[in-house]
Amino acid sequence: MTKNAHRCGYIAIVGRPNVGKSTLLNHILGQKLSITSRKPQTTRHKLLGIKTTEDTQFIYVDTPGLHQGQKKAINRYMNRAVTTAIQDVDVVLFMIEKLQWLPEDEAVAQRLAEIKSPVILVINKVDTIDDKETLLPHMQKLLEQVNVQEVIPVSALNNQNLDRLEEIIRVRLPEDDFFYAEDQITDRSSRFLAAEIIREKITRQLGDELPYQMTVEIEEFTQEGKILHINALILVEREGQKRILIGDKGDRLKKIGQQAREDMQVLFDSKIMLKTWVKVKSGWSDDERALRSLGYDDR
Ligand SMILES: Nc1nc2c(ncn2[C@@H]2O[C@H](COP(=O)(O)OP(=O)(O)OP(=O)(O)O)[C@@H](O)[C@H]2O)c(=O)[nH]1
Ligand SMILES: [Mg+2]
């Protein structure tokens, strides 16, 4: 490498749902950018998270968990996001968790077999492994059986081994000028991030069913003096879901709004005036046109 040269490149983070992809991105960035929850299929859209150090710009691509067995338009959209994310990147982080190797992981491995970029297998959530001596043989087995360059254990949540992971990535990035400004952290608009924060709070607050049947649209996003005014429309599929979301005397929606506002205050560094509405729009999640008008547009 020539003196003073810069490195810059793309790193896709892929894996089955819920293994901790978005948590890894946030902890590498040292900032909450991508939404996370205990529930699978939290991330729906591709999102760039950019980290610039003195000599390197890491452009991470967080992706939805690759999944099968669900056939709605929204599921096709999510899986398509993974397929496009692994094209033309410099490194792929293939994330799995604990001591598991499931058929869903195998499906991801098969998808990655078609690409040319180097693949690093990241075993996440090692903080939950009680018998640490089982980890090394597990890693060795995976290295033999899965077509990857390296295997590295981490705990994204506890920031364990992330420095080493970043170094492994860095040396694989090409010599190039930075593509983005040094202070830029994502390619997404503030509007998009605001909608995602609200979706996260709803996903975290509600039972297992509803998160998949809900989406958020920002109708107004305007700065007036020191206050950022945000109006958000929450769309659900059925009347009963609307009742659940609003809660007794509006309690639940109020709580969701409060939590979202707190996160937005930090992210946008501004006072926030947030208004939320809930509306029923049945069939949106399996309707390609409705999806596109709601921002699920990759064409
Ligand atoms: N114990 C432990 N939990 C973790 C770790 N990393 C992530 N988690 C948890 O795992 C859950 C899923 O994390 P996400 O980051 O949302 O997972 P994801 O892979 O982005 O999920 P999808 O977007 O749904 O595909 C959350 O409850 C996280 O707190 C870790 O290193 N250790
Ligand atoms: Mg995610």
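Residues numbered from 1 in each chain as written. Chains lettered and ligands numbered in written order. Predicted model: local features only at pLDDT ≥ 70, side-chain atom pairs only at ≥ 80, totals over all residues. Heavy atoms only, no water.

A. Spatial organisation of the site of ligand 1. The environment of ligand 1 is formed by 23 residues, the closest being Lys-21, Thr-23, Gln-41, Thr-42 and Asp-127. Contacts to ligand 1 include Ser-37, whose backbone N or O atom sits 3.3 Å from an oxygen atom. Within the backbone of Leu-157, an N or O atom sits 3.2 Å from an oxygen atom of ligand 1. Mapping ligand 1 onto the cavity grids shows that it belongs to the largest pocket. At three residues, the largest contribution of residues to the shell around ligand 1 is made by helix H1 (residues 21-29). For the shell around ligand 1, the class distribution of residues is five nonpolar, 13 polar and five charged. (Near = heavy atom within 4 Å. Polar contact = N/O pair within 3.5 Å; in protein donor to acceptor, adjacent residues only side chain to side chain. 1 Å grid on protein atoms, 1.4 Å probe; cavity = no way out; pocket = protein on both sides within 12 Å on 5 of 7 lines; lining within 4 Å. Sits in = over half its atoms within 2 Å of the grid points. Helix = DSSP H or I, 4+ residues; strand = E, 2+ residues; numbered from the N terminus. Nonpolar A, V, L, I, M, F, W, Y, C, P; charged D, E, K, R; others polar.)

B. Just the pairing of strand E2 (residues 47-52), in detail. Direction of pairing for E2 relative to strand E3 (residues 56-62): antiparallel, over a ladder of six bridges. Bridging from a neighbouring strand, Lys-51 pairs with Phe-58 of E3. Hairpin connection between E2 and E3: a loop of three residues separates the two successive antiparallel strands. (Pairing = 2+ DSSP bridges.)

C. Region of interest: the domain arrangement of the chain. Domain boundaries in the chain define domain 1 (7-170) and domain 2 (190-293). If you average the C-alpha positions of domain 1 and of domain 2, the two centres end up 27 Å apart. Of the residues lining the interface, 19 residues belong to domain 1; the matching set on domain 2 comes to 25 residues. Interface of domain 1 and domain 2: buried area, both sides summed, is about 1,800 Å²; carbon and sulfur atoms make up 49% of it. Of all residues in domain 1, the largest losses of buried area upon contact with domain 2 belong to Ile-35, Lys-39 and Arg-44, amounting jointly to 34% of the total for that side. Our enumeration of links across domain 1 and domain 2 arrives at three salt bridges. The partner of Glu-288 in a salt bridge is Arg-76, and the shortest N-O contact between them spans 3.0 Å. (Domains from an automatic or database assignment. Contact = heavy atoms within 4.5 Å. Buried area = accessible area lost by both parts, 1.4 Å probe. Salt bridge = Lys/Arg side-chain N within 4 Å of Asp/Glu carboxyl O.)

D. Quick peek at unusual backbone geometry. The phi torsion at Asn-18 lies on the positive side, around 75°, for a residue other than glycine. Looking at the secondary structure, you find Asn-18 in the loop between strand E1 (7-15) and H1. Unlike most non-glycine residues, Gln-41 shows phi in positive territory, near 65°. Positionally, Gln-41 belongs in the loop between H1 and E2.

E. Representation of the layout of surface pockets within the structure. Its volume calculated, the largest pocket comes out at about 490 Å³. As for the largest pocket, its lining consists of 30 residues, of which Asn-18, Gly-20, Thr-23, Ser-37 and Lys-125 are closest to the centre. In terms of residue count, H1 provides more of the lining of the largest pocket than any other element does, five residues in total. Grouping the constituent residues of the lining of the largest pocket by class yields six nonpolar, 16 polar and eight charged. Roughly 270 Å³ of internal volume is contained in the second largest pocket. (Points joined across faces, edges and corners; volume = space filled by probe spheres on them.)

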